[in-house]
Amino acid sequence: MVRWLLFGLVVSVFQPVVDAPGKLWQHKLFQALIGLLFGAVCAVVFTLAENRFNTPRVSWKSWLLVVMTWLLVKVAFVSILAIADAQ
């Protein structure tokens with residue numbers, strides 16, 4: 001859980017802010033919150049997938065599940081943010 005949260009936080013906070021330079025800290029706070037939410041969702045999805053599909057804890061399957069979890073959750077987050085931004 002901690003690794004996913006840190007990953008989500010670091011990756012989101014180091015993205016550039018291009019919309020409003022005067023409100024930098026508000027954007028960084030929003031990015032941090034979205035990153036933490038992303039990490040929490042990834043942690044839950046990965047744990048469920050690991051417990052369901054990789055009970056013997058084979059290393060290559062774990063890494064495959066890490067990549068697939070990141071991809072699935074990233075697509076879901078980008079889709080939700082795009083729909084929310086369009087409205």
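Let us look at the structure shown here.

Conventions used here
- Residues numbered from 1 in each chain as written.
- Predicted model: local features only at pLDDT ≥ 70, side-chain atom pairs only at ≥ 80, totals over all residues.
- Heavy atoms only, no water.
- Helix = DSSP H or I, 4+ residues; strand = E, 2+ residues; numbered from the N terminus.
- Rg over C-alpha atoms; globule rule 2.2 N^0.38 Å.
- Buried < 20%, exposed > 50% of the residue type's maximum accessible area, 1.4 Å probe, protein only.
- Core = buried A, V, L, I, M, F, W, Y, C linked by side-chain atoms within 4.5 Å.
- Contact = heavy atoms within 4.5 Å.
- Axes fitted to C-alpha atoms, helices over the stretch in contact; angles between N-to-C directions.
- Parallel < 35°, antiparallel > 145°, perpendicular 65-115°, else oblique.
- Left-handed = near helix turned anticlockwise from the far one by under 90°.
- Nonpolar A, V, L, I, M, F, W, Y, C, P; charged D, E, K, R; others polar.
- Expected span 1.5 Å × (residues − 1).

1. Some words on the overall build of the protein
- Along its length, the protein carries three helices and zero strands.
- For the protein, the α and β elements follow one another from N to C terminus as α-α-α.
- For 87 residues, the compact-globule formula gives about 12 Å, and the C-alpha radius of gyration of the protein, at 15 Å, lies well above that figure.
- Seen through its C-alpha atoms, the protein measures out along the principal axes to roughly 50 × 25 × 15 Å.
- Burial statistics for the protein: of 87 residues in total, 23% are counted as buried.

2. Some points on the nonpolar core
- Grouped together as the largest cluster of nonpolar side chains are nine residues: Trp4, Phe38, Cys42, Ala43, Phe46, Ala49, Leu65, Val73 and Phe77.
- Those elements that provide at least two residues to this core are α2 (24-53) and α3 (59-86).
- By residue number, the principal contributor to this core is α2, which donates five residues.
- Discounting chain neighbours no more than four positions away, the residues touching Cys42 are Trp4, Thr69 and Val73.

3. Regarding the packing of α2 against α3
- Two elements in contact, α2 and α3, have axes separated by 9 Å at closest approach and are oriented at 135°. Here α2 is positioned oblique relative to α3, judged by the angle of their axes. Regarding α2 and α3, the two cross each other, and that crossing is right-handed. In contact with Ile34, Leu37, Phe38, Val41, Cys42, Val45, Phe46, Ala49, Glu50 and Phe53 of α2, α3 contributes Lys61, Ser62, Leu65, Val66, Thr69, Trp70, Leu72, Val73, Lys74 and Phe77.
- Among the residues forming the contact of α2 with α3, the class breakdown is 15 nonpolar, two polar and three charged.

4. Some remarks on the packing of helix α1 (residues 2-13) against α2
- For the pair α1 and α2, interaxial distance at closest approach is 7 Å and the crossing angle is 145°. Taken as a pair, α1 and α2 cross one another with a handedness that is right-handed. Facing Trp4, Leu5, Phe7, Gly8, Leu9, Ser12 and Val13 of α1, the residues of α2 in contact are Lys28, Gln31, Ala32, Gly35, Leu36, Phe38, Gly39, Ala40, Cys42, Ala43 and Phe46.
- Across the contact of α1 with α2, the residue classes tally to twelve nonpolar, five polar and one charged.

5. Looking at α2
- Taking 1.5 Å of rise per residue, 30 residues should cover 44 Å, and α2 covers 42 Å from first to last C-alpha, within 8% of that figure.
- Those residues of α2 not exposed but buried are Lys28, Gln31, Ala32, Gly35, Phe38, Gly39, Cys42, Ala43, Phe46, Ala49 and Glu50.
- Looking at the packing, one finds that the buried side of α2 touches α1 and α3.

Treat this as a map of the structure, not an account of what it does.
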